[in-house]
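Coordinate analysis (summary)
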There are 2 protein chains.
Amino acid sequence: MKAYKDMTKEELAAEIEVLKAEYKKYQDMDLHLDMSRGKPCREQLDISMGMMDALNSEADLSCADGTDCRNYGVLTGIEEAKILIGDMMENNPDNIIIYGNSSLNVMYDTIARAYTHGIMGNTPWCKLDKVKFLCPVPGYDRHFGITEYFGIEMIPVPMSPEGPDMDMVEKLVSEDETIKGIWCVPKYSNPQGYSYSDETVRRFARLKPAAKDFRIFWDNAYGIHHLYDDREDYLVEILAECKRVGNPDMVYKFASTSKISFPGSGIAALATSPNNMEDILNQLTHQTIGHDKVNQLRHVRFFGDIHGMTEHMKKHAAIIRPKFEVVLNALESRLGGLEIGTWTNPNGGYFISFDALDGCAKEIVDKAKKAGVVMTKAGATWPYGKDPHDSNIRIAPTYPNIEDLKLAAELFTLCVRLVSANKIYKEKTEA
Amino acid sequence: MKAYKDMTKEELAAEIEVLKAEYKKYQDMDLHLDMSRGKPCREQLDISMGMMDALNSEADLSCADGTDCRNYGVLTGIEEAKILIGDMMENNPDNIIIYGNSSLNVMYDTIARAYTHGIMGNTPWCKLDKVKFLCPVPGYDRHFGITEYFGIEMIPVPMSPEGPDMDMVEKLVSEDETIKGIWCVPKYSNPQGYSYSDETVRRFARLKPAAKDFRIFWDNAYGIHHLYDDREDYLVEILAECKRVGNPDMVYKFASTSKISFPGSGIAALATSPNNMEDILNQLTHQTIGHDKVNQLRHVRFFGDIHGMTEHMKKHAAIIRPKFEVVLNALESRLGGLEIGTWTNPNGGYFISFDALDGCAKEIVDKAKKAGVVMTKAGATWPYGKDPHDSNIRIAPTYPNIEDLKLAAELFTLCVRLVSANKIYKEKTEA
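This write-up is about the structure you can find in this document. As the structure is a prediction and not an experimental result, all values here were calculated from the model. (Residues numbered from 1 in each chain as written. Chains lettered and ligands numbered in written order. Predicted model: local features only at pLDDT ≥ 70, side-chain atom pairs only at ≥ 80, totals over all residues. Heavy atoms only, no water.)

A few points about the packing of aromatic side chains
Throughout the structure, instances matching the rule amount to 34 aromatic pairs over all chains. Taken together, a centroid distance of 5.2 Å and an interplanar angle of 55 degrees make the contact between phenylalanine 133 of chain A and phenylalanine 217 of chain A tilted. Of this pair, phenylalanine 133 of chain A sits in strand E3 (residues 132–137) while phenylalanine 217 of chain A is found in strand E7 (residues 215–219), placing the two residues 84 residues apart along the sequence. Take phenylalanine 133 of chain A: its relative accessible area is 0%, and that puts it in the buried class. Relative accessible area serves as the criterion here: at 0%, phenylalanine 217 of chain A is assigned to the buried category. Arranged with centres 5.0 Å apart and planes meeting at 65 degrees, the rings of phenylalanine 302 of chain B and phenylalanine 303 of chain B form a pair that is edge-to-face. By relative accessible area, which is 6% here, phenylalanine 303 of chain B ends up buried. A network of ring pairs unites the aromatic residues Trp125, Phe133, Trp183, Phe217, Tyr252 and Phe254 of chain A as a single cluster. The side chain of arginine 215 of chain B reaches across the aromatic face of tyrosine 252 of chain B, ending 5.9 Å from its centre. (Phe/Tyr/Trp six-rings, centres within 6.5 Å; stacked < 30°, edge-to-face > 60°. Helix = DSSP H or I, 4+ residues; strand = E, 2+ residues; numbered from the N terminus. Buried < 20%, exposed > 50% of the residue type's maximum accessible area, 1.4 Å probe, protein only. Lys NZ or Arg CZ within 6 Å of the ring centre and 35° of its normal.)

The following block contains the structure:
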């Protein structure tokens with residue numbers, strides 16, 4: 001198909017008429033579809049129902065070491081859960097704290113602790129005039145929400161398929177001691193599905209931050225969330241690399257089973273160095289007596305071990321891979337060659353990232369919404385919800401069923417075409 | 001028996017010799033007993049095992065309103081859990097937020113939020129030079145641990161069987177705007193088992209705090225934890241009373257099912273006014289997507305309703321009532337008339353509070369420990385772990401089995417006698 005920019009005004013005007021008529025048809029369908037959040041679908045939840053039988057009233061709810069999981073105690077989590085999650089996170093169980101049901105909550109608490117009490121003896125952030133975070137963009141809106149809530153200034157850092165712009169990260173981090181952290185989703189990133197290259201992780205581990213309390217917030221949310229058996233990304237393990245190069249305390253690593261078992265009823269974890277562990281536990285001991293050990297045990301009994309968990313992930317992949325393909329096919333077949341957008345084709349994770357022509361994202365999302373398809377708010381992938389290019393749109397294909405998704409993806413591409421054609425037509429008119 | 005203070009030096013010396021010999025016998029028994037923490041015993045945990053069958057792989061994990069509890073969302077908790085916990089807390093379900101597994105965690109987060117962001121638009125506590133809390137004493141060590149961790153100055157307020165000294169509370173709260181809160185365990189208090197009188201709650205609701213962001217931290221941990229069917233304490237419901245007198249926003253009320261279902265695997269909740277709710281939700285939305293709804297549903301399916309829960313509590317009472325009686329009998333039969341200690345006889349809760357002669361608590365606890373019986377650390381019931389009288393000891397009778405408890409209680413009374421006799425003998429010698 002001919003690129004829109006190469007069309008004449010007349011060709012574009014004709015195209016716009018066709019698109020408008022098509023859009024009208026979708027509006028008449030009274031759709032109520034949602035591609036906004038990275039939520040598993042019902043079929044994905046169904047594959048974890050066996051977890052409800054993993055413990056029953058006849059079960060012995062004791063750990064291998066004899067701890068009765070039904071009672072108080074065990075601040076850092078039961079040993080067998082640490083082993084399972086350690087295998088999942090590729091970290092030593094001794095470097096892991098098992099938390100409650102939400103890794104977002106762990107990240108929030110990690111920021112809050114730095115804010116109220118400081119990191120490893122450094123000044124609490126609430127006592128500083130200025131605290132800044134680096135935010136690879138596009139990124140995860142809930143990360144940005146936490147730092148914004150704490151009044152932390154966010155500096156966008158461009159992403160490439162290799163990860164964040166490391167020249168920029170190295171420069172900023174080494175020069176500015178008010179920069180205290182960076183948000184990273186290093187594998188199957190949110191929303192692009194990029195995995196940081198070996199070189200990127202190497203350079204992260206070798207950062208020389210001006211701030212002694214600079215920390216990398218390494219949210220490995222999609223560590224084992226592959227879409228394809230034969231196209232898996234591998235990520236250099238950051239804690240090990242940091243330890244090797246003499247930077248052992250620079251990383252907080254987060255993960256959870258939210259998109260493995262049940263979102264909201266899984267277990268979350270943090271992996272970090274012994275020094276950071278000690279620092280954290282000095283606080284955690286005041287915050288709680290312990291997290292839900294019965295649920296930890298339930299996960300261990302259900303999955304058995306990391307092999308059980310990776311086999312389980314194949315079932316997830318089998319359900320959501322066709323959904324990614326529906327969206328990717330729609331994008332390719334309906335936008336290919338038009339030069340009005342680019343998109344990612346990830347090997348895992350929960351999202352496809354779409355970049356429209358500058359200044360079009362908001363209008364595209366609005367148009368989709370008016371025809372009954374909810375997308376993630378345009379701008380959400382940027383700090384403060386402000387995408388300076390008004391270009392990036394996050395597509396979340398997992399939740400709707402295939403038929404709905406097909407419709408939603410088609411409508412989305414239609415909105416992209418209509419908004420882009422209008423923009424180019426206007427430019428040609430004004431030129 | 002003759003009071004020690006009325007004995008002659010010679011009588012005391014003889015008594016001390018007898019007690020020493022007896023103490024030696026206990027030492028030889030190589031005991032390892034624990035009366036230190038308010039932990040349910042195994043038999044208590046067993047009565048909740050049915051909860052493990054409340055949900056299975058055939059179950060529909062949807063709420064009455066159709067929400068799939070297995071997926072993300074529902075920040076404030078599922079409706080049926082709010083109804084159950086609302087009945088438990090005697091509050092409107094609309095005024096309740098269901099949290100994770102730990103009410104301590106909710107209290108910590110409530111303090112942390114006030115510290116980082118302030119309460120309802122008031123200055124964050126981290127920006128103030130001085131923040132103070134009132135602490136009824138003896139009280140709960142983990143409460144004091146949170147306020148100490150945040151650098152909040154704690155002012156002890158004496159308890160009586162009616163509750164905290166309200167003359168003192170009223171005076172301090174109305175005069176000093178740096179006083180931002182008070183820790184209360186209003187029913188079957190920790191450690192005395194006192195329940196606040198109607199008059200005390202009335203006066204709490206009518207406080208006129210100098211600080212606009214003064215809040216009562218009302219930890220109703222033992223709201224339905226009666227020991228006797230025919231001797232229940234009733235507590236005036238504080239939120240309703242505050243609303244009636246025009247002070248609706250003054251209370252955060254906390255509760256959990258920790259000592260109803262499984263400690264560490266229950267559900268916690270906060271009840272408060274609509275204004276406070278709004279203030280809290282502005283923060284909570286950044287901290288988490290939602291708490292564990294599957295566990296909320298599990299509790300609802302297991303207990304059914306508040307009647308099911310109160311029937312369940314009778315089973316707990318049947319198990320632990322004899323344990324309280326063993327301790328109370330030992331105290332009465334072995335210390336009665338000696339005038340070397342007083343103790344409480346609660347109608348519910350998890351503790352008996354013992355007051356030794358001034359200056360004896362530490363030594364008594366040390367002596368018990370040396371003979372293999374761990375008590376709560378002396379001083380723990382006071383802010384900063386410092387009991388100025390060195391007198392109060394918390395006894396937790398629920399965890400050991402009856403035989404162990406009998407031994408432990410006997411040893412404890414022996415230690416009380418020995419330390420007290422030594423003290424009085426010394427005083428008589430020095431006089």
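Section: the pattern of salt bridges
Using the criterion set out here, one finds 44 salt bridges over all chains in the structure. Here glutamate 237 of chain B makes a salt bridge to lysine 253 of chain B, at a shortest N to O gap of 2.6 Å. Here the residue glutamate 237 of chain B occupies a position in the loop between strand E7 (215–219) and helix H9 (238–244), and lysine 253 of chain B occupies one in strand E8 (residues 251–256), the gap between them amounting to 16 residues. There is no split in this pair, since glutamate 237 of chain B and lysine 253 of chain B are both buried. Taking the shortest distance from any N to any O, the salt bridge between glutamate 241 of chain B and arginine 244 of chain B comes out at 2.7 Å. Separated by 3 residues within a single helix, glutamate 241 of chain B and arginine 244 of chain B lie in helix H9, roughly one turn from each other. Note on glutamate 241 of chain B: relative accessible area 7%, which makes it buried. One salt-bridge network, in which partners are shared between bridges, spans Lys5, Asp6 and Glu339 of chain A. (Salt bridge = Lys/Arg side-chain N within 4 Å of Asp/Glu carboxyl O.)

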